[in-house]
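Summary of the model geometry
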Amino acid sequence: MNFRYAVVSLAMACMSADAFAPTRSLMTISSKVVPTVESPKTSTRFAAPLLRSQSASRYGYPSARFMSDAVAETPEPEKKNFMEKMKSAIPPANERKKLVPLAMMFFCILFNYTILRDTKDVLMVTAPKSGAEVIPFIKTYVNLPTAIGFTALYSKLCDKFDQKNVFYICTVPFLIFFAAFAVAIYPNVHVLHPHAFVDSIAAMLPAGFSAPLSIIRNWSYAVFYVMAEMWGSVVASLLFWSFANEVTTVDEAKKYYPLFGMGANVALIFSGQYVKWVSKLRANLPAGVDPWGMSLKYLMGAIVVGGGAMIGLFSHMQRNVLTDPACVDQEKQELKKKKKKVKMSLKESAQFLMNSSYIRDLAILVISYGMCINIVEVSWKAKLKAAFPNPNDYSMFMGNFSSATGTVTLGMMLLGRTIFQKFGWRKAALVTPTMIGVTGAVFFALQLFAPAFVPLAAALGTTPLMLSVLVGAVQNILSKSSKYSLFDPCKEMAYIPLDQDSKTKGKAAVDVVGNPLGKSGGSMIQQILIFGVGSLAAATPYLAIILGGLIAMWYRAANSLATQFEAATEGAEEV
């Protein structure tokens, strides 16, 4: 009680001192009094209204004492029941209007990519005088130069056209090629592939040249392989996410990007089952009918339908979403249109990007992922071909693999949203390298200490080869699911606070060049080791050590980028 009297006396003294300053604000008087109330037994939340009520009465304002009583008597908010929580989790109408078509677009893109990914592997790995050892060469000497060339072309297109037209210019040629491959190219491979010419050259060269010669021998399959890879880099990573980042705020991205891929990963399940269904059709064809020719028409027909749906959804958003002020900030859109584009040469663009530590860290993340997944995946696919030499069996296994990847990723998407909300961007960005590091170590341990796992394989009723295939499949599924649910959302959120030039050209460099650069970097390491130690199996210990070093570099870049992303986000919110 004595303390309360002291507080009131002090307040009266302050008001007496201000008696001849009636124009001074009430907040000034309150600010002089409230900081002096520091007793742990007395709450300043109740002292401030009390003093303000006395001050208000002195200057002729109505008393505000009752406000302190109201604050003191206000009950705590009631806890929401399950249905209320479910309703609050549903996005508002203006957000649904753009999120639903975006999710459907992503569904179509990944549906196509899954079919293309499975088909390109079957074509190239099971082609005449080919195998999994061809993959490192095709990624290094064909895919990487193509990606660099596309990045230069994309930079010029962005300078000349708006983003809407760039999207159409880049996507339509893919659909034309895939349709032409099934209808015109594949039925004539016996004429188009120069087997006799390559055989004559191979007779004069060492056996080590068999893999690069296989690319020339099966050149149309190699082109299909590169186009399928570029669909993932260009359409999925670059064009779609660039568009999504344009119409989505950082707050919306944190809420919905982890769930964004849920609809898309349903596509993995559907496409995997579609590939499996087509494989069963091949098995029941009458004699004399080319099974792959028939199945390619079904598969590429689905690609054209999915691509057409994607373009239709994009056109719908251009007409109905980007013009809606409730969905997209129209002032920002107008500023982007009025802003003059800075045209840079390829060399100037490269210098611009290399001078940005933000872009460099993003590139390290993408390159590290590509190198790590390639180092493990090529070894797994070599085991996979040994277990399933028949293209039909190989394709059916890959269909089941894609469905399993989609199912696991759906669960990871739900978990990913919780990780973002509770732990933030930094922790979410570190999940994928941790997953790849742990599962990769288990897979390589199975290769290095194979004799020790023979009793385990026998107890499980399988062979050591099949055990390696299954463990590699689990490693691949967990790695890809963590990429789709956490790595990709983290990467795409990081672009949102950047300026327009960094978003377009930086994203093109990171996603279109960085992704194949990572895969070709992993392939180059494997090629050097194969030439040095003689075989991929003998190179396994060195690959395991290199994988550990790449994971450490990935961790460092992710932590550096997290600090810059948090600072950039805070700066954007202040503006």
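Description of the structure in this document. As the structure is a prediction and not an experimental result, all values here were calculated from the model.

Looking now at a nonpolar patch on the surface. A cluster of nonpolar side chains, contributed by Val-191, Leu-192, Trp-219 and Val-223, occupies part of the molecular surface with about 330 Å² of accessible area. Elements with a contribution of two residues or more to the nonpolar patch: α9 (189-192) and α12 (219-247). Structurally, the position occupied by Val-191 is in helix α9.

Right, let's talk about the pattern of salt bridges for a bit. Across all of its chains, the model carries 10 salt bridges by this definition. Among the ionic pairs, Asp-121 bridges to Lys-120, the shortest N-O distance being 3.2 Å. Comparing Asp-121 with Lys-120, the two get one shared label, buried. Glu-229 is paired through a salt bridge with Lys-120; the nearest N and O atoms lie 3.1 Å apart. Of this pair, Glu-229 sits in helix α12 while Lys-120 sits in helix α6 (residues 93-125), and the two are 109 residues apart along the sequence.

Our focus in this paragraph is the environment of Glu-566. With respect to the helices and strands, the residue Glu-566 is situated in helix α22 (residues 540-574). In this structure, the C-alpha to C-alpha distance between Glu-566 and Arg-426, residues 140 residues apart in sequence, is 9.1 Å.

With that settled, the discussion passes to unusual backbone geometry. With phi around 55°, Lys-129 is a residue other than glycine that occupies positive phi space. Mapped onto the fold, Lys-129 is located in the loop between α6 and α7 (134-160). For Lys-129, a relative accessible area of 58% translates into the label exposed.

For α7, which comprises 27 residues, the first-to-last C-alpha distance of 38 Å matches the rise-based estimate of 39 Å (1.5 Å per residue) to within 8%. Remark: the principal bend of α7, roughly 35°, maps to Asn-143, with a proline, Pro-145, within the next four residues.

Looking now at the nonpolar core. In this structure, Trp-231 and Trp-425 are the most contacted members of the largest nonpolar core, which totals 137 residues. Among the elements that take part in this core, α12 stands out by supplying 18 residues, more than any other. Apart from the residues lying within four places of it in its own chain, the contact partners of Trp-231 are Ile-109, Asn-112, Tyr-113, Leu-116, Phe-174, Leu-175, Phe-178, Ala-236 and Met-310.

As a further point, take the packing of aromatic side chains. Counted by the stated rule, this structure contains 32 aromatic pairs. Look at Phe-111 and Tyr-274: their rings are 6.3 Å apart centre to centre, the planes differ by 50°, and that puts the pair in the tilted class. Taken together, the residues Phe-111 in helix α6 and Tyr-274 in helix α13 (residues 250-283) connect sequence positions 163 residues apart. The exposure class of Phe-111 is buried, given its relative accessible area of 15%. Judged by centre distance (5.7 Å) and plane angle (85°), the rings of Phe-487 and Trp-554 are edge-to-face.

What follows concerns the packing of helix α8 (residues 163-185) against helix α14 (residues 291-320). Taken N-terminus to C-terminus, the directions of α8 and α14 make an angle of 165°; their axes are 9 Å apart at the nearest point. With respect to α14, the element α8 is oriented roughly antiparallel. Relative to α14, α8 is oriented so that their crossing is left-handed. Between α8, through Lys-164, Phe-167, Tyr-168, Thr-171, Val-172, Leu-175, Phe-178, Ala-179, Phe-181 and Ala-182, and α14, the contact on the second element is made entirely by Leu-296, Lys-297, Met-300, Ile-303, Val-304, Gly-307, Gly-308, Met-310, Ile-311, Phe-314, Ser-315 and Gln-318.

Attention now goes to the environment of Ala-253. Looking at the element boundaries, Ala-253 is found in helix α13. Separated by 243 residues in the primary sequence, Ala-253 and Ile-496 have C-alpha atoms spaced 8.9 Å apart.

Thresholds applied
- Residues numbered from 1 in each chain as written.
- Predicted model: local features only at pLDDT ≥ 70, side-chain atom pairs only at ≥ 80, totals over all residues.
- Heavy atoms only, no water.
- Patch = residues over 30% accessible without salt bridge, like charges linked within 9 Å, V, L, I, M, F, W, Y side chains within 5 Å.
- Areas by Shrake-Rupley, 256 points an atom, 1.4 Å probe, with all protein chains shown as cover.
- Salt bridge = Lys/Arg side-chain N within 4 Å of Asp/Glu carboxyl O.
- Helix = DSSP H or I, 4+ residues; strand = E, 2+ residues; numbered from the N terminus.
- Buried < 20%, exposed > 50% of the residue type's maximum accessible area, 1.4 Å probe, protein only.
- Expected span 1.5 Å × (residues − 1).
- Bend = angle between axes of the 7 residues up to and from the residue.
- Core = buried A, V, L, I, M, F, W, Y, C linked by side-chain atoms within 4.5 Å.
- Contact = heavy atoms within 4.5 Å.
- Phe/Tyr/Trp six-rings, centres within 6.5 Å; stacked < 30°, edge-to-face > 60°.
- Axes fitted to C-alpha atoms, helices over the stretch in contact; angles between N-to-C directions.
- Parallel < 35°, antiparallel > 145°, perpendicular 65-115°, else oblique.
- Left-handed = near helix turned anticlockwise from the far one by under 90°.

Any link to function would need more than the numbers given here.
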